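# Structural overview
Each chain is listed here by its residues.
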Amino acid sequence: MRTYGPIVDGISASRVHDHVAAVGRGSAELARTATQAFAAAATDDALVLCLDTAETDWDPYRAFDREITSGRLRVVDNATAYAAFGESDGAGLLRQWDAVLDQALSDGYGGIRVVADNSAVLTGTDVDFGRWLEWEQRTDRWQAQRPVVGVCWFDRSRVPEDRLAAVTRRHPASVGEVTPTWRLGHEHDDGHVTLVLSGDLDAFDAEDIALALEIELLLVPDGASIDIDVVDVGYMHHRVLWEVTSTSVADRLHLRNASPAIRRTYELLADSVRAGRL
């Protein structure tokens with residue numbers, strides 16, 4: 001089971017398959033997050049640190065000299081780490097990271113632990129930001145299935161608040177200055193991946209939920225269904241359920257583990273949509 005919600009004990013408590021949004025301010029906090037994350041790594045984890053070298057005023061080569069010298073830790077500039085980001089569907093970027101993991105496994109490691117400063121990508125165009133949201137959902141599905149711990153660092157002093165809120169919602173776990181009211185993640189069981197929603201989803205969240213569902217449909221094979229587990233959803237406004245039931249592919253979306261109230265509202269809306277009353 002992956003970690004969902006705030007990691008009370010800090011980044012050092014992260015574990016395999018976790019996808020964590022770490023939010024703070026400045027290079028000193030980034031350095032502290034990376035140090036704690038790598039110190040908590042399993043002894044057979046390969047380590048990767050992705051940085052915006054132009055924005056970083058600390059020296060990871062000095063901080064992690066032993067790990068770098070041994071070959072366990074790679075420090076990569078983001079221009080290289082995300083070289084395939086220009087591909088609109090993110091598939092090329094995922095193949096790149098899959099190759100990094102496969103090489104680590106081939107070298108005898110048990111998995112990889114990545115700390116990446118992703119602040120810069122949230123300051124670009126709306127198109128780039130939309131592609132990044134797709135990437136976060138794509139990589140979360142991947143991390144749920146493969147031996148990876150991913151820690152995405154975001155510098156609050158550089159990132160617009162609305163974008164920070166949207167991107168942290170696409171991380172099941174978090175540390176630092178971030179308190180999303182709801183989150184999405186993925187669980188992998190016997191070859192099947194389930195979309196997991198948790199928290200409280202209000203009316204103003206409906207648009208982002210609709211976007212998340214659109215993205216999710218891009219990540220599954222044509223015609224495949226999507227199970228949406230809502231066991232940890234405390235409240236779901238009817239506008240959010242409307243987005244689920246009114247999409248043109250609503251028949252491919254299946255709500256799992258809903259409370260009686262959410263289930264009843266969902267069924268009423270679905271029946272009304274099918275009957276053409278809404």
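Refer to the preceding data block for the structure.
This section reports on the structure supplied with the text. Every value quoted in this text rests on a predicted model; they were computed, and no experiment measured them.

Turning our attention to the pairing of strand S11 (residues 253-256). Taking every second residue as pointing to the same face, the buried face of S11 carries Leu 253 and Leu 255, while none of His 254 and Arg 256 on the other face is buried. In this structure, strand S10 (residues 226-236) lies alongside S11, joined through four bridges in parallel fashion. Bridging from a neighbouring strand, Asp 229 pairs with Arg 256 of S11. Considered for its hand, the β-α-β crossover made up of S10, helix H9 (residues 238-246) and S11 is right-handed.

Let us now look at the pattern of salt bridges. Following the criterion strictly, the structure yields 16 salt bridges and no others. Among the ionic pairs, Glu 134 bridges to Arg 138, the shortest N-O distance being 2.7 Å. One end of the pair is Glu 134 and the other is Arg 138, both in helix H6 (residues 126-145) and four residues apart, which spans about a single turn. Judged by its relative accessible area of 6%, Glu 134 is buried. Owing to a relative accessible area of 13%, Arg 138 belongs among the buried residues under this scheme. By sharing partners, the salt bridges in this structure join Arg 25, Arg 156, Glu 161 and Glu 177 into a single network.

This next bit is on the packing of H6 against helix H8 (residues 206-218). For any two helices packed against each other, the geometry comes down to the angle between their axes and how far apart the axes lie. Where H6 contacts H8, the axes come no closer than 10 Å and their chain directions differ by 60 degrees. Between H6 and H8, the interaxial angle falls into the category oblique. Of the two elements, H6 crosses H8, and the hand of that crossing is right-handed. Contacts between H6 and H8 involve Leu 133, Glu 134, Gln 137 and Arg 141 from the first element and Leu 211, Ala 212, Ile 215 and Glu 216 from the second. The residue inventory of the contact of H6 with H8, partitioned by class, reads four nonpolar, one polar and three charged.

The next point concerns the side chain of Glu 136. Note on placement: Glu 136 falls in helix H6. One buried charged residue, Glu 136, remains without a salt bridge, the closest side chain of opposite sign being Arg 170 at 8.4 Å. Of note is the side chain of Glu 136, whose polar atom sits 3.1 Å from the side chain of His 19. For Glu 136, the contacting residues outside a window of four places in its chain are His 19, Asn 118, Cys 152, Phe 154, Val 167, Arg 170 and His 171.

Further remarks concern the nonpolar core. In this structure, Tyr 82, Trp 97, Ile 112 and Phe 154 are the most contacted members of the largest nonpolar core, which totals 34 residues. Of all the secondary structure elements, the ones that give two or more residues to this core are strand S2 (19-24), strand S3 (45-51), helix H5 (91-106), strand S5 (111-117), H6, strand S6 (148-155) and helix H7 (161-168). Of the residues forming this core, the biggest block, six residues, is contributed by H5. Once you skip the residues sitting within four places of it in the chain, Phe 154 turns out to touch Ala 21, Ala 22, Val 23, Gly 24, Asn 118, Ser 119, Leu 122, Glu 136, Leu 164, Val 167 and His 171. By size, the runner-up hydrophobic cluster in this structure holds 25 residues, among which are Ala 206, Val 240, Val 249 and Tyr 266.

For the structure shown, the criterion picks out five aromatic pairs. Measuring from centroid to centroid gives 6.4 Å for Tyr 82 and Trp 97, while their planes differ by 45 degrees, and the two rings are tilted. Note that Tyr 82 is positioned in the loop between helix H4 (78-81) and H5 and Trp 97 in helix H5, a separation of 15 residues in sequence. The exposure classification of Tyr 82 matches that of Trp 97, with both residues buried. Between Trp 132 and Trp 135, the ring centres sit 6.4 Å apart and the planes meet at 50 degrees, which makes this aromatic pair tilted. Taken as a pair, Trp 132 and Trp 135 lie in helix H6 at a separation of three residues, close to a single helical turn. Overall, the relative accessible area of 0% leaves Trp 132 in the buried class. By relative accessible area, which is 5% here, Trp 135 ends up buried. Taken together, Tyr 82, Trp 97, Trp 132 and Trp 135 form an aromatic cluster joined through their ring pairs.

Conventions and cut-offs
Residues numbered from 1 in each chain as written. Predicted model: local features only at pLDDT ≥ 70, side-chain atom pairs only at ≥ 80, totals over all residues. Heavy atoms only, no water. Buried < 20%, exposed > 50% of the residue type's maximum accessible area, 1.4 Å probe, protein only. Helix = DSSP H or I, 4+ residues; strand = E, 2+ residues; numbered from the N terminus. Pairing = 2+ DSSP bridges. Right-handed = clockwise from strand over helix to strand, strands pointing away. Salt bridge = Lys/Arg side-chain N within 4 Å of Asp/Glu carboxyl O. Axes fitted to C-alpha atoms, helices over the stretch in contact; angles between N-to-C directions. Parallel < 35°, antiparallel > 145°, perpendicular 65-115°, else oblique. Left-handed = near helix turned anticlockwise from the far one by under 90°. Contact = heavy atoms within 4.5 Å. Nonpolar A, V, L, I, M, F, W, Y, C, P; charged D, E, K, R; others polar. Lys, Arg positive; Asp, Glu negative; His and termini not counted. Polar contact = N/O pair within 3.5 Å; in protein donor to acceptor, adjacent residues only side chain to side chain. Core = buried A, V, L, I, M, F, W, Y, C linked by side-chain atoms within 4.5 Å. Phe/Tyr/Trp six-rings, centres within 6.5 Å; stacked < 30°, edge-to-face > 60°.

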